[in-house]
Amino acid sequence: MRGWYIFLFLLSASVAADVQQYRVEQPYEISLRQPWALVALPDDSFVVTEKHGALVWLQDDKKAIRQQVALPDLYSEGQGGFLDIALTQDFALSNKVMLTYTRGTADNNQLVIASAKLSNGQLSDITQILAVTPTKDTPVHFGGRLAVLDDGTWLVSTGDGFDYREQAQKLTSQLGKILHFREDGSAVQAPPFSNAPFIYSLGHRNTQGLVTVNGKVIAHEHGPAGGDEINVIKAGYNYGWPVVTLGDDYSGARISPFREYPGMTPPLHNWTPSVAPSGMIHYTASRFTQLTGQLLITTLKEKTLLSADISKAPPQVTPVFTRISQRLRDVNVSSDGAIMLLTDGAKATVLSVVPSSSDSP
Ligand SMILES: [Ca+2]
């Protein structure tokens with residue numbers, strides 16, 4: 001009888017456990033310097049942004065080409081620099097992309113959104129369409145993640161600037177928000193706050209994961225000491241920071257006496273202690289069938305990839321590929337369903353993870 005219970009335990013444990021049969025490859029020889037985003041292109045090549053202002057094109061034939069991008073007034077200190085790139089819906093025809101970077105000086109800097117053309121791994125026609133206000137004097141908490149919605153309008157996350165966390169609650173500031181805009185940088189029609197037409201949601205600390213899943217917007221954000229969150233983002237909603245957080249200040253002091261507050265939306269998932277979530281995708285491929293339909297989230301502090309099944313309440317969050325123990329900056333997928341992981345730091349690389357059969361070493 002006891003053996004039968006152990007069998008049942010192993011059977012149920014195997015459902016939620018790490019994907020066991022996988023192989024990790026390093027397909028590109030180039031060493032990447034402080035990369036931020038890993039972007040898949042329709043021709044199955046990838047581009048990687050590097051914060052100091054370079055774009056690296058990783059081609060299918062394993063060659064890599066680095067371009068120093070002419071980003072006007074680039075400010076590349078701390079967490080700032082060249083951050084995200086996202087393709088427009090008609091990219092195959094137009095070669096048009098959106099990008100984020102930080103501009104200015106140590107005393108006066110801001111996140112900006114620009115449109116550009118991307119062809120043959122090279123960016124051109126870079127035109128600033130939006131700049132987050134007010135400017136600030138800290139080199140951290142810029143947010144910077146882009147996502148395109150089904151109707152072709154755009155969202156971008158902004159950070160609270162660290163020293164300006166109270167502004168995350170103010171509609172007069174674009175810090176600590178998710179902003180909504182059209183492809184030309186103008187405000188959308190009928191925004192939730194008529195007096196702050198770019199603001200989609202408020203009360204965020206530093207959001208670096210932003211995806212759509214079947215029309216729903218899902219974001220993750222860095223908390224302070226603990227209190228990292230996954231949120232379902234809805235227009236006009238307040239996500240609480242810094243009035244409500246399940247984390248504490250780095251000193252150990254409470255940031256707020258409130259763990260919940262009327263009118264403020266609690267997270268779908270909370271991580272305490274922090275994992276430091278960086279990138280995120282919705283995995284729709286079938287190469288790893290256990291992961292199909294799940295969110296894949298890279299982490300810096302936890303040094304692993306996490307899968308999140310948000311069809312369950314509460315979401316089921318599970319480490320995957322646990323033999324890889326590195327700070328991970330971003331994640332994407334190749335056209336054949338391989339999971340591509342961008343590592344973090346001054347000598348970073350791209351790892352490709354594919355299933356291996358049980359008789360492989
Ligand atoms: Ca929150």
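In what follows, the accompanying structure is described. Keep in mind that this is a model prediction, so the values were computed, not measured. (Residues numbered from 1 in each chain as written. Predicted model: local features only at pLDDT ≥ 70, side-chain atom pairs only at ≥ 80, totals over all residues. Heavy atoms only, no water.)

### Considerations on the packing of aromatic side chains
All chains considered together, the criterion is met by five aromatic pairs. Between the aromatic rings of Tyr 22 and Phe 321, the centroid separation amounts to 4.8 Å while the plane-to-plane angle is 55°, which identifies the pairing as tilted. Of this pair, Tyr 22 sits in strand E1 (residues 22-25) while Phe 321 sits in the loop between strand E21 (316-320) and strand E22 (328-333); the two residues are 299 residues apart in sequence, bridging distant segments of the chain. The pair formed by Tyr 22 and Phe 321 is uniform in burial state, with each residue classed as buried. One aromatic cluster is present, formed by Tyr 22, Phe 288 and Phe 321 through successive ring pairs. Above the ring of Phe 142, the side-chain terminus of Lys 136 is found at 3.7 Å from the ring centroid. For the cation-ring pair, Arg 323 lies above Tyr 22, with the distance from its terminal atom to the ring centre recorded as 4.0 Å. (Phe/Tyr/Trp six-rings, centres within 6.5 Å; stacked < 30°, edge-to-face > 60°. Helix = DSSP H or I, 4+ residues; strand = E, 2+ residues; numbered from the N terminus. Buried < 20%, exposed > 50% of the residue type's maximum accessible area, 1.4 Å probe, protein only. Lys NZ or Arg CZ within 6 Å of the ring centre and 35° of its normal.)

### Digging into the coordination of the calcium ion
Surrounding the calcium ion are the protein donor atoms Glu 229 (OE), Glu 229 (OE) and Tyr 239 (O), which sit 2.3 to 2.5 Å from the metal. Here Tyr 239 lies in the loop between strand E16 (228-233) and strand E17 (269-271) and Glu 229 lies in strand E16, a separation of ten residues in the sequence. Side by side, Glu 229 and Tyr 239 carry an identical accessibility label, which is buried. (Donors = N, O, S within 2.8 Å, 3.2 Å for Na, K, Ca; no water.)

### With respect to the layout of surface pockets
There is about 880 Å³ of room inside the largest pocket. In terms of lining, the largest pocket is formed by 27 residues, of which the most central are Ala 86, Leu 87, Val 211, Ile 281 and Asn 332. Of all the secondary structure elements, the ones that give two or more residues to the lining of the largest pocket are strand E2 (35-40), strand E6 (82-87), strand E10 (146-148), strand E14 (207-213), strand E18 (277-282) and E22. Among the residues making up the lining of the largest pocket, the classes are represented as 19 nonpolar, five polar and three charged. (1 Å grid on protein atoms, 1.4 Å probe; cavity = no way out; pocket = protein on both sides within 12 Å on 5 of 7 lines; lining within 4 Å. Points joined across faces, edges and corners; volume = space filled by probe spheres on them. Nonpolar A, V, L, I, M, F, W, Y, C, P; charged D, E, K, R; others polar.)

### What about the sheet that holds strand E12 (residues 177-181)?
Read from one edge of the open sheet, four strands run E10-E11-E12-E13, paired in antiparallel fashion. Looking at which strands have only one partner, the edges of the open sheet turn out to be E10 and strand E13 (199-202). Averaged over neighbouring strand pairs, the angle between their axes works out to 20° when direction is ignored. Here four bridges tie strand E11 (residues 154-157) to E12, and the two strands are oriented antiparallel to one another. Looking across to E12, one finds that Trp 154 is bridged to Phe 181. (Pairing = 2+ DSSP bridges. Axes fitted to C-alpha atoms, helices over the stretch in contact; angles between N-to-C directions.)

### Structural notes on empty space enclosed by the protein
Applying the stated criterion to the full structure yields two cavities of 30 Å³ or more. As for the largest cavity, its lining consists of Asn 109, Gln 110, Leu 111, Val 132, Pro 134, Thr 135, Lys 136, His 141, Phe 142, Thr 158, Gly 159 and Leu 175. When grouped by side-chain class, the residues that make up the lining of the largest cavity number five nonpolar, six polar and one charged. The calculated volume of the second largest cavity comes to roughly 40 Å³. Forming the walls of the second largest cavity are Gly 203, Arg 205, Glu 221, His 222, Gly 223, Pro 224, Gly 227, Glu 229, Tyr 239, Trp 241, Val 244 and Thr 245. A class-by-class count of the residues in the lining of the second largest cavity yields four nonpolar, five polar and three charged.

### Considerations on the pairing of E22
Counting buried residues along E22, six of its six residues qualify, which places the element largely inside the surrounding structure. In terms of strand pairing, E22 meets strand E23 (residues 339-343) through five bridges, oriented antiparallel. Residue Asp 330 lies in a different strand from E23, and its bridge partner there is Leu 342. Linking E22 to E23, which pair antiparallel, is a turn of five residues; within it Gly 337 sits at a positive phi near 90°.

### Considerations on the nonpolar core
Within the largest apolar cluster, 41 residues are counted, with the highest numbers of intra-cluster contacts made by Phe 82, Leu 99, Leu 123 and Phe 181. Counting residues per element, this core draws most heavily on strand E8 (residues 108-119), at six residues. Excluding anything up to four places from it in sequence, Leu 99 contacts Leu 71, Phe 82, Asp 84, Ile 85, Val 112, Ile 113, Ala 114, Ala 116, Leu 123 and Leu 146. Counting 19 residues, the second largest nonpolar core, distinct from the first, contains Val 320, Leu 328, Val 331 and Leu 351. (Core = buried A, V, L, I, M, F, W, Y, C linked by side-chain atoms within 4.5 Å. Contact = heavy atoms within 4.5 Å.)

### Concerning the sheet that holds E8
Sheet architecture is open: four strands sit in the order E6-E7-E8-E9, paired in antiparallel fashion. The open sheet has two edge strands, E6 and strand E9 (122-131), and neither has a second partner. This sheet shows a mean twist of 30° between the axes of neighbouring strands, independent of strand direction. Alignment of E6 against strand E7 (residues 96-105), held across four bridges, turns out to be antiparallel. Note that in E7 the partner of Ile 85 across the bridge is Leu 99.

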